[in-house]
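# Residue-level structure breakdown
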Amino acid sequence: MKQTATFIPTLRETPADADVKSHQLLLRAGFIRQNTSGVYSFLPLGKRVLQKVENVIREEMEAVNSVEVFLPALQQAELWQETGRWYSYGDELMRLTDRNNREFALGATHEEVITSLLRDEIKSYKKLPLNLFQIQSKFRDEKRPRFGLLRGREFLMKDAYSFHATKESLDDTYNDMMQAYTNIFTRLGLNFRAVIADSGAIGGKDNHEFMVLSEIGEDTIAYSDTSSYAANIEMAAVNMEYPKSDEAMKELEKVATPDQKTIVDVAAFLNTTPEQCIKTLVFKADEELVVVLSRGDHEINDVKVKHATGATIVELAEPEEVQQALGCEIGSLGPVKLPSTIKVYADQAVQSIVNGVTGANEDGFHFINVNPEKDFSVESYADLRFVQEGDPSPDGEGTIQFAKGIEVGHIFKLGTTYSEPMKATFLNDQGRAMPYIMGCYGIGVSRVMAAVAEQFQDDNGFIWPDAIAPYEVHILPVNMKDETQRELGEDLYKLLKSYRYEVLLDDRNERAGVKFTDADLIGLPVRITIGKKASEGILEVKYRRTGETFEWKREELLDHLQ
Ligand code: ATP
Ligand code: MG
Ligand code: MG
Ligand code: MG
C-alpha cells in the first residue's frame, strides 16, 4: 500500500484523554479514533491488525473443529426472557424498541440466540457434539468504558458455543479449547496465565480466564509462587484463621437495633482495614432482614439489590430507588428482628458464589467460606475473610502472591444452564429427551489487540510482533523529489510485493524527520530506508525489534530478509 493512497492520521501530541499506553499510541499512530465513549472506528492500520488477530484465532478454532457462523446482533427480547436474563442482565444490556414496540437487545453475548437456533435443528445425539464460533461486534453498556479498546461499549469478540450429549464430551472440548487459547495467546506473543475464575453473570460451573499480566489490568490474580496454581482473586480459596464469631454476632446485633445507623463499616469486626471494608446496608423489607453488600469504595448508588423474597431482582441506580423497592427509608428504620439466617445479596460482581468463595471485581473485596445458596448464617458470617498475599496456596505448595491481569479470554462449562430453561433437548441413545450440555468460549478480539499494543512498544512507538503487524516492511524513500530514490522505492515496492511481502511505501512528499517519526510510531518489523546511497544501489535495513541495521544492495535484499 502506498501511504499517499491510504489514511494514517498520526498525531504529534499524546491525546490528553488517553490514560494508558496502548490507547495513547493507537490514537497517535493513527490506528483508531474514538466516536463516543467506548465506541471506536478502526482506521486502515487498525483494521489490518484486528484482521490478523482474527485470523490467528480462526486458524486455532478450526484446528479444534470449531466452525464459523455469523449470528444476529439484533436479538428479540423474547429469547432473553426465556432464560430470565432480560431481567437479570442489568444495565449492561443495550435495549431498544422497534416501530411496532417490540423489544430487542443488541447482543452482549449469544447463548440465547445459538441455543434457540440449534434446538430446532439438532434432535439426536448422533449429531453431537457440535462446536460453532463467530467473530462479531458485541454491545455492552459498560458503567465505566475506559482504556480505549480494553473496555469498550461496542467491541469485537470471538465467541464459541459447544453442544454435547455427555459431560465427558464437554470435558474433551473444554480441554481442546484450553489448548487452542493457549496456542492463540502464545502466537500473539502475550505474557499470559490461565486462571480459575468466577462465573459471573453467564452462570455455569468450571471456568478459566486467560489473563495477560499487566500493571493496568483490572483483575487481580492470586497465584502460588512455587506451583502452577493461579486463580482470579475472586476464586482464590485459601484456608486461614477467622475472626471470632461471637464478636461478629454482637456487632451485627447492634446494627439491627433501631437506633443504629443503617450503614456500618463491617471492617471493624471483619478485622480489616477501612479501605478494604465492605459497607453493609441493613433494611427491613418484606419482614426479612436484607443485607446488601457493596464494595467499600463505592457509593450506595452502585448497589444492585436483590429483593429479600428472592422473587424480583431489583437493580437500582439511586438511593431513592433502593428505598422505594425495599419499602423503607434509609436512616429511619423501624425495629428489626434478627432472624437466624440473614440473606446476603450483593452487587452483580459479588453475587456469584462458587466453591464457597464470593468476590467482587476489585482487589481486596473477597470472601471465602460462603455457601452456594448465596445465603449464609450469622454464625458463619464471621468466617468470611479476604484472601491476602502470603496466605498458603490451596494446593499446599507455596504462598499466595497477587498480580494484575487483563482478561483476554474466558472459557466456561455451562452445563444445562441455558438448554434447560430454553427447552433445548435432543434424544439420547435410549430415546429420552435430554437438555444439551453446553460450553461457551470467548475472546475479546479488540481487547487482545490493545493488550498486544500495551506490551509491544517503546518511547518511539509500536514494535508489532510479526504475527499481527499491519504490514511487514516499511519502505522510506527519504526524498521523493530525488528521482533515483523515488524509482528505487517503487522498484523495491513492486519486487517485495511480487514475493508476497506486505509492504507500506512512504511515497509522501514529507520531510525526512516526519517520515522517520511516523515510521517509528507505526512500528513495522522491517524498515528499508532509501537515502543518499540510492545512487550506488545501497539500502539501509533496520529491524524495529532489535534496532539492528544493515546496509544491503538491492540484489542482496531478498536473501537477507528474515
Ligand atoms: P470483564 O470482566 O473485563 O468485564 P467479562 O468477564 O464481562 O469481561 P466475558 O463475558 O467473559 O467478559 O466476555 C468474553 C471476553 O470478551 C472477555 O474475556 C474479554 O476479553 C472481552 N470483553 C468483555 N467485555 C469487554 C469490553 N467491554 N471491551 C472489550 N472486550 C471485552
Ligand atoms: Mg464485564
Ligand atoms: Mg470478567
Ligand atoms: Mg469473563
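Residues numbered from 1 in each chain as written. Chains lettered and ligands numbered in written order. Predicted model: local features only at pLDDT ≥ 70, side-chain atom pairs only at ≥ 80, totals over all residues.

### Overview of the overall build of the protein chain
Counted only if it meets this: Secondary structure elements are taken from DSSP: a helix is a run of H or I of four residues or more, a strand is a run of E of two residues or more, and numbering for both begins at the N terminus. For the exposure call, what matters is how many other C-beta atoms sit within 10 Å of a residue's own: 20 or more marks it buried, 12 or fewer exposed, and in between partly exposed, using C-beta atoms placed from the backbone. Each residue is represented by a C-beta atom placed from its backbone, and any two residues with such atoms within 7 Å are regarded as in contact.
The helix and strand inventory of the protein chain stands at 15 helices and 33 strands. In the protein chain, which comprises 562 residues, the proportion classed as buried is 42%. In the protein chain, once contacts between residues fewer than 6 apart in sequence are set aside, the share between residues at least 24 apart is 65%.

### Considerations on the site of ligand 1
Condition: All residues are tested the same way: a C-beta atom is placed from the backbone, and lying within 6 Å of a molecule or strand makes the residue near it. Residues are sorted three ways: Asp, Glu, Lys and Arg are charged, Ala, Val, Leu, Ile, Met, Phe, Trp, Tyr, Cys and Pro are nonpolar, and all the rest, Gly among them, are polar.
Near ligand 1, the surroundings consist of 16 residues, among which Phe155, His410, Gly442, Gly444 and Arg447 are the closest. Sorting the residues of the shell around ligand 1 by element identifies strand S8 (154–164), strand S23 (400–415), strand S26 (437–444) and helix H12 (445–455) as the ones contributing at least two each. Taken together, the residues of the shell around ligand 1 sort by class into three nonpolar, eight polar and five charged.

### Focus on the sheet that holds strand S5 (residues 94–97)
Our working rule: We treat two strands as partners when DSSP finds at least two bridges between them. Note on geometry: axes are C-alpha line fits, over the in-contact stretch for helices, and angles between N-to-C directions span 0 to 180 degrees.
Spatially, the three strands line up as an open sheet ordered S4-S6-S5, and their pairing is antiparallel. Pairing within the sheet leaves two strands with one partner each, and these edge strands are strand S4 (74–76) and S5. The average angle at which neighbouring strand axes cross in this sheet is 35°, direction not considered. Inspection of the sheet shows S5 paired to strand S6 (residues 103–106) by four bridges, in the antiparallel sense. Residue arginine 95 lies in a different strand from S6, and its bridge partner there is alanine 105.

### Quick word on the pairing of strand S31 (residues 526–530)
Taken residue by residue, a regular strand's side chains alternate between the two faces of the sheet. For S31, the buried fraction is high: five of the five residues fall into the buried class. Burial of the side chains of S31 extends over both faces: Val526, Ile528 and Ile530 are buried on one face and Arg527 and Thr529 on the other. As judged from the five bridges shared by strand S29 (residues 473–477) and S31, these two strands associate in the parallel manner. Residue histidine 474 lies in a different strand from S31, and its bridge partner there is arginine 527. Pairing of S31 with strand S32 (residues 538–543) involves four bridges; the strand directions are antiparallel. Bridging from a neighbouring strand, valine 526 pairs with tyrosine 543 of S32.

### Regarding the sheet that holds strand S30 (residues 503–505)
The strands making up a sheet associate through hydrogen bonds between their backbones, and the pairing can be parallel or antiparallel. Sheet architecture is open: five strands sit in the order S30-S29-S31-S32-S33, paired in mixed fashion. Only two strands of the sheet have a single neighbouring strand rather than two, namely S30 and strand S33 (549–553). With direction set aside, neighbouring strand axes in the sheet form an average angle of 25°. Each of S29, S30 and S31 is contacted by helix H13 (residues 483–498), which is oriented at about 165° to S29, the strand it contacts most.

### Looking at the pairing of strand S7 (residues 130–139)
Here strand S3 (residues 67–68) pairs with S7 via two bridges, running parallel. What sits directly across from glutamate 68, in S7, is phenylalanine 133.

### Let's talk about the nonpolar core
Threshold: Joining buried Ala, Val, Leu, Ile, Met, Phe, Trp, Tyr and Cys residues through C-beta atoms within 7 Å gives a set, and that set is a nonpolar core.
The biggest cluster of nonpolar side chains holds 104 residues, and the ones touching the most others in it are Val53, Val408, Val445, Val448, Met449, Val452 and Ile475. With residues up to four places along the chain from it excluded, the contact list for valine 408 reads Phe185, Phe192, Phe210, Val212, Ile443, Gly444, Arg447, Val448 and Ala451.

### Description of unusual backbone geometry
Between leucine 128 and the following residue, proline 129, the backbone shows a cis peptide bond with an omega angle of 0°. For proline 129, the position within the fold is in the loop between helix H5 (111–119) and S7. The residue phenylalanine 147 is not glycine, and still its phi comes out positive at about 55°. Summarising the element assignment, phenylalanine 147 is placed in the loop between S7 and S8.

### Notes on H5
All of the buried residues along H5 are Glu111, Glu112, Val113, Ile114, Thr115 and Leu118. Considering only its buried residues, H5 is in contact with S4, helix H3 (77–83), S7, S8 and S26.

### Section: the confidence of the model for the protein chain
Where we set the bar: Across the chain, each position has a pLDDT score giving the predictor's confidence in that residue, from 0 to 100.
Averaged over every residue, the pLDDT of the protein chain is 77; residues scoring 70 or more account for 71%. Low pLDDT (under 50) marks residues 199–204, which in the prediction has 18 contacts with non-local residues, meaning those over four places away or in another chain. In the model, residues 236–319 has pLDDT below 50 throughout and makes 171 contacts with residues more than four positions away in sequence or in other chains. We note a pTM of 0.78 for the whole complex and an ipTM of 0.99 for its interfaces.

### Some remarks on the packing of helix H2 (residues 44–63) against helix H6 (residues 167–187)
Which entries qualify depends on this criterion: In what follows, roughly perpendicular refers to angles from 65 to 115 degrees, roughly parallel to angles under 35, roughly antiparallel to angles over 145, and oblique to any angle outside these ranges. Helix crossings get a hand from a simple test, with the near helix turned counterclockwise from the far one by less than a right angle marking a left-handed crossing and a clockwise turn marking a right-handed one.
The N-to-C vectors of H2 and H6 enclose an angle of 155°; their axes lie 9 Å apart at closest approach. With respect to H6, the axis of H2 lies roughly antiparallel. In this structure, the crossing between H2 and H6 has a hand that is right-handed. Only Ala180, Asn183, Ile184 and Arg187 of H6 make contact with H2, whose side of the interface consists of Val56, Ile57, Glu60, Met61 and Ala63. Partitioning the contact of H2 with H6 into residue classes produces six nonpolar, one polar and two charged.

### Topic: H12
Among the eleven residues of H12, ten are classified as buried, and the element is accordingly described as predominantly covered. Of the residues making up H12, those classed as buried are Val445, Ser446, Arg447, Val448, Met449, Ala450, Ala451, Val452, Ala453 and Glu454.

### Quick notes on the packing of H2 against H12
Packing of H2 against H12 leaves a shortest axis separation of 9 Å and a crossing angle of 110°. In terms of orientation, H2 lies roughly perpendicular with respect to H12. Note that H2 runs across H12; the crossing there is right-handed. Residues Val49, Leu50, Val53, Glu54 and Ile57 of H2 lie in contact with H12, whose contacting residues are Val445, Ser446, Val448 and Met449.

### Digging into the environment of asparagine 191
Inspection of the secondary structure assignment puts asparagine 191 in the loop between H6 and strand S9 (192–196). In this structure asparagine 191 comes out as exposed when scored by C-beta crowding, with 12 C-beta atoms within 10 Å. Contact partners of asparagine 191, with chain neighbours within four places excluded, come to Val212, Leu213 and Gln455.

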